[in-house]
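Breakdown of the fold
Below, each chain spelled out in residue letters.
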Amino acid sequence: MKKDEHIAKTLISEEEISKKVKELASQISNDLKDKENIPCIIGLLKGSFIFIADLARYIDVPVEIDFMIVSSYGNNKIGSEIKILKDVDIPLTGRDVIIVEDIIDTGYTLEKICEVLQTRNVASLKICTLLNKPSRRKVDIKIDYNGFDIEDEFVVGYGIDYAQKYRNLPYIGVVK
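Residues numbered from 1 in each chain as written. Predicted model: local features only at pLDDT ≥ 70, side-chain atom pairs only at ≥ 80, totals over all residues. Heavy atoms only, no water.

Attention now goes to the packing of helix 1 (residues 14-32) against helix 2 (residues 49-58). Their axes nearest at 8 Å, the elements helix 1 and helix 2 cross at an angle of 55°. Relative to helix 2, the element helix 1 lies oblique. Our pair here, helix 1 against helix 2, has a crossing hand that is right-handed. Across from Val-21, Lys-22, Leu-24, Ala-25, Ile-28 and Ser-29 in helix 1, the residues of helix 2 making contact are Phe-51, Asp-54, Leu-55 and Tyr-58. Of the residues that constitute the contact of helix 1 with helix 2, the class distribution is 7 nonpolar, 1 polar and 2 charged. (Axes fitted to C-alpha atoms, helices over the stretch in contact; angles between N-to-C directions. Helix = DSSP H or I, 4+ residues; strand = E, 2+ residues; numbered from the N terminus. Parallel < 35°, antiparallel > 145°, perpendicular 65-115°, else oblique. Left-handed = near helix turned anticlockwise from the far one by under 90°. Contact = heavy atoms within 4.5 Å. Nonpolar A, V, L, I, M, F, W, Y, C, P; charged D, E, K, R; others polar.)

Next up, the structure:
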């Protein structure tokens, strides 16, 4: 079985992703260059692991990197809850924090994560996403660093999976 045999088309090429990641890293570096504290970048696992690794390599100011794993439960509507399966290990009080997400869909889970992190007295909280599906948004989420707006298609690759498969594709593809 080929690793991409169930991919209908390439939506975003490896080259386009690389260029965009460098642009986002430059924007983040510029925004963080005068910060007195060392900012913290939090990757939401598992989907963001490739994106955050590439992004961090191009950020040219000191940052700390940590990860969270969360699962959402309930009816996937407002009022749904999240369960933190792995929390950050570093203190966030007084720190500038950037959440790095692979894809933002309805926004429910990310909204809850932001609420949790705000209770930790962060200096600022921003969001960076590789993919954004604005047509699916159910809550108002301010995206500070946005990679690509995409249509409502089922995508995989570059860390994003379908049943734990296809994360290792170097591009974003649409599933057949």
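A few words on the nonpolar core. In terms of nonpolar packing, the biggest core is built from 28 residues, with Phe-51, Leu-55, Cys-128, Leu-131 and Ile-172 touching the most fellow members. Among the secondary structure elements, those contributing two or more residues to this core are helix 1, helix 2, strand 5 (96-104), strand 6 (124-132), strand 7 (145-149) and strand 9 (172-175). Of all the elements, helix 1 adds the most residues to this core, at 6 residues. Beyond its immediate sequence surroundings of up to four residues, Leu-55 is in contact with Val-21, Leu-24, Ala-25, Ile-28, Val-100 and Cys-128. Core analysis: the next-biggest nonpolar cluster, separate from the first, contains 22 residues, Met-68, Val-122, Leu-125 and Ile-141 among them. (Core = buried A, V, L, I, M, F, W, Y, C linked by side-chain atoms within 4.5 Å. Buried < 20%, exposed > 50% of the residue type's maximum accessible area, 1.4 Å probe, protein only.)

So, about the state of the cysteines. Applying the stated rule across the entire model yields 0 disulfides. The cysteine Cys-40 is free of any disulfide, with Cys-114 supplying the nearest cysteine sulfur at 13 Å. Relative accessible area serves as the criterion here: at 0%, Cys-40 is assigned to the buried category. Here Cys-128 stays free of any disulfide, with the sulfur of Cys-114 as its closest cysteine sulfur at 13 Å. The exposure class of Cys-128 is buried, given its relative accessible area of 0%. (Disulfide = S-S within 2.5 Å.)

This next bit is on the sheet that holds strand 9. Each strand in a sheet pairs with its neighbour through backbone hydrogen bonds, running either in the same direction (parallel) or in the opposite one (antiparallel). Spatially, 1-9-8 is the arrangement adopted by the 3 strands of the open sheet, whose pairing is antiparallel. At either end of the open sheet lies a strand with only one pairing partner, and these are strand 1 (7-12) and strand 8 (155-156). Sheet analysis places strand 8 next to strand 9, joined by 2 bridges and oriented antiparallel. Residue pairing across strands places Val-156 opposite Gly-173, the latter belonging to strand 9. (Pairing = 2+ DSSP bridges.)

With that settled, the discussion passes to helix 1. The end-to-end C-alpha distance of helix 1, which contains 19 residues, comes to 27 Å, matching closely the 27 Å that a straight helix rising 1.5 Å per residue would cover. Residues of helix 1 that are buried include every one of Ile-17, Val-21, Leu-24, Ala-25, Ile-28, Ser-29 and Leu-32, and no others. Buried residues in helix 1, looked at end-on, bunch into an arc of 135°, giving them a common side. The exposed residues of helix 1 that point more than 90 degrees off its buried face are Glu-15 and Lys-19. On its buried face, helix 1 is in contact with strand 1, helix 2, strand 5, strand 6, strand 7 and strand 9. (Expected span 1.5 Å × (residues − 1). Arc of directions from axis to C-beta.)

A word on the environment of Arg-137. In this structure, Arg-137 sits in the loop between strand 6 and strand 7. In this structure, the C-alpha to C-alpha distance between Arg-137 and Thr-106, residues 31 residues apart in sequence, is 4.0 Å. For Arg-137, the residues in contact, after removing those within four places along its chain, are Ile-104, Asp-105, Thr-106, Gly-107, Asn-132 and Ile-143.

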